[in-house]
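Coordinates in review
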Amino acid sequence: MTYQADEGRYERQQYNRSGRSGLKLPAVSLGLWHNFGDNRPIENSRAILRRAFDLGVTHFDLANNYGVPYGSAEKNFGRIMHEDFRQYRDELIISTKAGYDMWPGPYGEWGSRKYVLASLDQSLQRMGLDYVDIFYSHRPDPQTPLEETMGALDRAVRSGKALYAGISNYSTEQTTQAARIMRELGTPLLIHQPSYSMINRWIEDGLLDVVEEAGMGCIVFSPLAQGVLTDRYLDGVPADSRAATSRFLSPDRVDRELARDLNEIARGRGQTLAQMALSWTLRDPRVTSVLIGASSVKQLEDNVACVDGPAFTEDELEAIDKITGPTSSTR
């Protein structure tokens, strides 16, 4: 059946300006890291993307090596984009990144001009797009001058293959330097994508201030701490959970007591723990958007509903700080 987007989609989401730019992003964006590769049914991916757009989620975030195998998330997204979303291209923000390992040899990762621009060309080919809206340097390269990596981002924008440039996983000092270089090149950085959650609060120690001063937006990933900040682990570590099966989360990183204490606060707010964790990341106006993953339509719907949650009271914020620690700097 031909997909027609819900006519009321823009009534269900809030949109925030990214820094001092003209671009607005939905408060909740959809990341395609884990659940859109060849190891997942494409019709499930299609259903999630359709429902996300119907709920006003206009931003789909990818990277060159997302999916199993690498590149498959972009390839599958490109197929769904062609079949379902072509007529809505100008309503969508599509982002991708280059920085982590993608192909063999010395030019297949990090931040050289050779790798960054070749990766962008490959991403566009996989997705069948003429351009992406945001192109990121996915991580800083300790052996390549920052001027070279930022110069590649500047070239990507000037060539028309990206509309905006961003960075991800950069430290506070690296962000300051990158923003200065890009400003001098005439292509200001649009956005920074760091990790951030109630139990991973490192960006509060200076990065948010730098982002604000530079006029950049901030879109945060892993707001649920790989599932720790959900009801998934309240009663233990299920055998099929990410903590039990994934290299990205180990059982010893699951603090059940912390999750249970936070869950009590969430229940008092009429939210699930996941919804409260997402709402919490958005409490700071310097956070433009929060990235969620979704393995099902129901999970997507539950998480997007975080925008309907009540504002935090001072008592709630103080209680959360007592549980999580306001100065946590774990990355």
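Presented here is an overview of the structure given in this document. (Residues numbered from 1 in each chain as written. Predicted model: local features only at pLDDT ≥ 70, side-chain atom pairs only at ≥ 80, totals over all residues. Heavy atoms only, no water.)

Let's talk about the overall build of the protein chain
Broken down by element type, the protein chain carries eleven helices and ten strands. The globule rule puts the C-alpha radius of gyration for 331 residues at 20 Å, and the 19 Å found for the protein chain is close to it. Along the longest, intermediate and shortest principal axes, the C-alpha atoms of the protein chain span 50 × 50 × 40 Å. Restricting the contact set of the protein chain to residue pairs at least 6 apart, pairs at least 24 apart contribute 74%. Element-wise, carbon and sulfur atoms account for 47% of the exposed surface of the protein chain, whose accessible area totals about 14600 Å². (Helix = DSSP H or I, 4+ residues; strand = E, 2+ residues; numbered from the N terminus. Rg over C-alpha atoms; globule rule 2.2 N^0.38 Å. Contact = heavy atoms within 4.5 Å. Areas by Shrake-Rupley, 256 points an atom, 1.4 Å probe, with all protein chains shown as cover.)

Remarks on the pairing of strand β7 (residues 162–168)
The element β7 is extensively covered by neighbouring structure, given that five of its seven residues are classed as buried. Note on the crossover from strand β6 (residues 132–137) through helix α4 (residues 146–158) to β7: the handedness is right-handed. Taken together, β7, helix α5 (residues 172–185) and strand β8 (residues 191–193) form a β-α-β motif whose crossover is right-handed. (Buried < 20%, exposed > 50% of the residue type's maximum accessible area, 1.4 Å probe, protein only. Right-handed = clockwise from strand over helix to strand, strands pointing away.)

Topic: the sheet that holds strand β3 (residues 28–31)
Strand order in the closed barrel made by the eight strands is β3-β4-β5-β6-β7-β8-β9-β10, with parallel pairing throughout. Neighbour-to-neighbour, the strand axes of this sheet turn through a mean angle of 30 degrees, independent of strand direction. Sheet topology places strand β4 (residues 59–61) next to strand β5 (residues 93–98); three bridges connect them, and they run parallel. Following the sheet pairing, His-59 is matched in β5 by Ile-93. (Pairing = 2+ DSSP bridges. Axes fitted to C-alpha atoms, helices over the stretch in contact; angles between N-to-C directions.)

As for the side chain of Asp-284
Relative to the elements of secondary structure, Asp-284 occurs in the loop between α9 (273–281) and β10 (289–292). Of the residues examined, Asp-284 reaches a relative accessible area of 14% and is grouped as buried. Here Arg-286 takes part through its side chain, which lies 2.8 Å from a polar atom of the side chain of Asp-284. (Polar contact = N/O pair within 3.5 Å; in protein donor to acceptor, adjacent residues only side chain to side chain.)

Focus on α5
In this model α5 runs 20 Å from its N-terminal to its C-terminal C-alpha over 14 residues, within 8% of the 20 Å that 1.5 Å per residue would give. Taken residue by residue, α5 has Thr-175, Ala-178, Ala-179, Ile-181 and Met-182 as its buried positions. The buried residues of α5 occupy an angular sector of 165 degrees when projected down its axis, which confines them to one face. Turned more than 90 degrees off the buried face of α5, the exposed positions are Glu-173, Arg-183 and Glu-184. Those residues of α5 hidden inside the fold are in contact with α4, β7, β8 and α6 (207–214). (Expected span 1.5 Å × (residues − 1). Arc of directions from axis to C-beta.)

A few points about the packing of α5 against α6
The geometry of α5 relative to α6 is characterised by a closest axis approach of 9 Å and an angle of 10 degrees between their N-to-C directions. Here α6 runs roughly parallel to α5, going by the angle between their axes. Packed against α5, whose contacting residues are Thr-172, Thr-175, Thr-176 and Ala-179, the element α6 presents Leu-207, Val-210 and Ala-214 at the interface. For the contact of α5 with α6, the class distribution of residues is four nonpolar, three polar and no charged. (Parallel < 35°, antiparallel > 145°, perpendicular 65-115°, else oblique. Nonpolar A, V, L, I, M, F, W, Y, C, P; charged D, E, K, R; others polar.)

Structural notes on the pattern of salt bridges
As enumerated under the stated definition, the model contains 24 salt bridges in all. Ionic pairing is found between Asp-84 and Arg-46, a salt bridge with its closest N-O pair at 3.2 Å. Of this pair, Asp-84 sits in helix α2 (residues 72–85) while Arg-46 is found in helix α1 (residues 42–54), placing the two residues 38 residues apart along the sequence. Exposure remark for Asp-84: the relative accessible area of 6% places this residue in the buried category. (Salt bridge = Lys/Arg side-chain N within 4 Å of Asp/Glu carboxyl O.)

Describing the pairing of strand β9 (residues 217–220)
The side chains of a regular strand alternate between the sheet's two faces. Across the two faces of β9 the burial is the same, with Gly-217 and Ile-219 and Cys-218 and Val-220 all buried. As paired elements, β8 and β9 share two bridges and run parallel to each other. Following the sheet pairing, Ile-191 is matched in β9 by Gly-217. For the crossover from β8 across α6 to β9, the handedness is right-handed.

Notes on the nonpolar core
Core analysis: the biggest nonpolar cluster contains 88 residues, and Leu-30 and Phe-60 have the highest contact counts within it. Residues within four places of Phe-60 in sequence aside, it is in contact with Leu-30, Leu-32, Leu-49, Ala-52, Phe-53, Phe-77, Leu-92, Ile-93, Ile-94 and Ser-95. (Core = buried A, V, L, I, M, F, W, Y, C linked by side-chain atoms within 4.5 Å.)

So, the packing of aromatic side chains
For the structure shown, the criterion picks out ten aromatic pairs. Summarising the aromatic geometry, the rings of Tyr-3 and Tyr-88 are spaced 6.0 Å apart at their centres and angled 70 degrees between planes, so their arrangement reads as edge-to-face. Separated by 85 residues along the polypeptide, Tyr-3 in the segment before β1 (15–17) and Tyr-88 in the loop between α2 and β5 bring together distant segments of the chain. Residue Tyr-3 shares its accessibility class with Tyr-88, and that shared class is buried. With 6.1 Å between their ring centres and 55 degrees between their planes, Tyr-10 and Tyr-15 make a pair best called tilted. Using a relative accessible area of 37% as the deciding quantity, one classes Tyr-10 as partly exposed. (Phe/Tyr/Trp six-rings, centres within 6.5 Å; stacked < 30°, edge-to-face > 60°.)

Everything listed here is a matter of coordinates, which is why it stays silent on function.
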